[in-house]
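A look at the structure
For reference, the chains in residue letters:
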Amino acid sequence: MDCCVIPLRHGGLSLVQTTDFFYPLVEDPYMMGRIACANVLSDLYAMGITECDNMLMLLSVSQKMNDKDRERVMPLIIQGFRDAAEEGGTSVTGGQTVINPWIIVGGVASVVCQPNEFIMPDGAVPGDVLVLTKPLGTQVAVNAHQWLDQPERWNKIKLVVTKEEVKEAYQEAMFSMATLNRTAAGLMHKFQAHAATDVTGFGLLGHANNLAAQQRNEVAFVIHNLPIIAKMTAISKACGNVFNLVQGTSAETSGGLLVCLPREQAAKFCSEMKSQSSTAGGQGAAGGAWIIGIVEKGDRRARIIDKPRIIEVPPRGSQAANQDNISTSPAPSPNLS
């Protein structure tokens, strides 16, 4: 499971707790703090938990940084983490800071729950629909942005993407990673989700396999559609598929929730995800949810079909996003009917 669920001695309550940490992957220290916090909270959200009682922050300060850089960068990371926690309705009450060769940022999230407040990730049944709530391609976008200053790398991809498109994709990836999955967690209850997980370091297929293996019923997950930040598929192919993006094993950071929903609820879940995001001022990729596959009888494994449909998701602020009222719940492919 994404969290540990510990029954307490008192009145049928459980302590639900999770921890996560990683290295910086974007250049903006404030956004890095927000992403780290969103990533920690996602494990709660993946179990349909919308509230968090307390957060702790884990931070290692690089011994390679001079005092001036340290005094500028570290407070921004801490502020970003605290602001994201506040957006999630919780606060950071402590933690631990150490000196280390590398910057590491992460935290711990804890909540005391009644049984009806969380959804165990093991109830998928044949006929369910798989929904993903953020587009894929964050690792590709972050790497491509770094390659703008590396001519030997940039030359491999410059025929399939412009520098402006790389910058837009990087901004989209950064804001997507910093977006909390809290709305999706609440909608999991409203639309009777049967199981969910968040998509992070093991990529879509890795986390889908982990989720499939936990199911009580003998089911398999079949993925037909891949929503991917625009141009990231072309970049991945131009690099010789080193990312394995279309194969589903490209690492994501603070990705969306992969949710198993009853077939009759999936489109409504996607529609409400979009409308709630629009109300909150969200646009572009982070404001959507996509039907990506089905649950069928099987051997508790996940697979992506040989030629999945690629849904190019335009970054917010791009010309394509501005023209287009993105359909965030595309009609299932013929294979899903």
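The protein chain is annotated in an unreviewed UniProt entry as selenide, water dikinase from Seriola dumerili. The heading Function (unreviewed entry) in the UniProt record of the protein chain holds the text "Synthesizes selenophosphate from selenide and ATP." Within the UniProt record for the protein chain, the comment given under Catalytic activity (unreviewed entry) is "hydrogenselenide + ATP + H2O = selenophosphate + AMP + phosphate + 2 H(+)".

Focus on the pairing of strand β8 (residues 219–229)
Across the 11 residues that make up β8, a large majority, 11, are buried. As judged from the 5 bridges shared by β8 and strand β10 (residues 290–297), these two strands associate in the antiparallel manner. Looking at β10, one finds that Phe221 is bridged to Val295. Bridging between β8 and strand β11 (residues 302–313) involves 8 bridges; their strand directions are parallel.

Side note on the packing of aromatic side chains
Two aromatic rings, taken as a pair, are described by how far apart their centres are and by the angle between their planes. Under the counting rule described, the total for this entry stands at 3 aromatic pairs. Between the aromatic rings of Tyr23 and Trp102, the centroid separation amounts to 6.3 Å while the plane-to-plane angle is 75 degrees, which identifies the pairing as edge-to-face. Linking Tyr23 in the loop between β2 (14–22) and α1 (29–45) with Trp102 in the loop between β4 (92–100) and β5 (104–113), this pair joins segments that are 79 residues apart in sequence. Exposure remark for Tyr23: the relative accessible area of 49% places this residue in the partly exposed category. By relative accessible area, Trp102 is classed as partly exposed at 47%.

Quick notes on the sheet that holds β2
Spatially, β1-β2-β5-β3-β4 is the arrangement adopted by the 5 strands of the open sheet, whose pairing is mixed. If you trace the sheet from one side to the other, it starts and ends with β1 (4–7) and β4, each paired once. The average undirected angle you get between the axes of adjacent strands in this sheet is 15 degrees. Across 4 bridges, β1 lies against β2 in antiparallel orientation. Bridge pairing in β2 places Pro7 opposite Ser14. Contacts from α1 reach β2, β3 (54–62) and β5 within the one sheet, and its direction differs from that of β2 by about 145 degrees. In the packing of helix α2 (residues 67–87) onto the sheet, the strands contacted are β3, β4 and β5, and the crossing angle to β3 comes to about 160 degrees.

Criteria and thresholds
- Within every chain, residues take consecutive numbers counted from 1 along the sequence as written.
- Given that the model is predicted, a residue must reach a pLDDT of at least 70 before its local features are reported, and side-chain atom pairs must reach 80 or more before they are shown or counted; all residues, however, enter totals for whole chains, interfaces and linings.
- Excluded from the side-chain calculations are hydrogens and water; all other atoms, namely the structure's heavy atoms, are used.
- UniProt positions are given in the numbering used here, feature names are shortened, and annotations may be inferred rather than shown by experiment.
- Burial classes: relative accessible area under 20% of the type maximum marks a residue as buried, over 50% as exposed, and values in between as partly exposed (1.4 Å probe, protein chains only).
- Note on conventions: DSSP H or I runs of at least 4 residues are helices, E runs of at least 2 residues are strands, and numbering of each starts at the N terminus.
- Paired strands are those between which DSSP finds at least two bridges.
- Aromatic contacts are taken between Phe, Tyr and Trp rings whose centres are within 6.5 Å, Trp giving its six-membered ring; a plane angle under 30 degrees counts as stacked, one over 60 as edge-to-face, and the others as tilted.
- Here an angle of 0 to 180 degrees is reported between the N-to-C directions of two axes, which are lines fitted to C-alpha atoms, with helices fitted over the stretch in contact.
- Residues are treated as being in contact if the distance between any of their heavy atoms lies within 4.5 Å.

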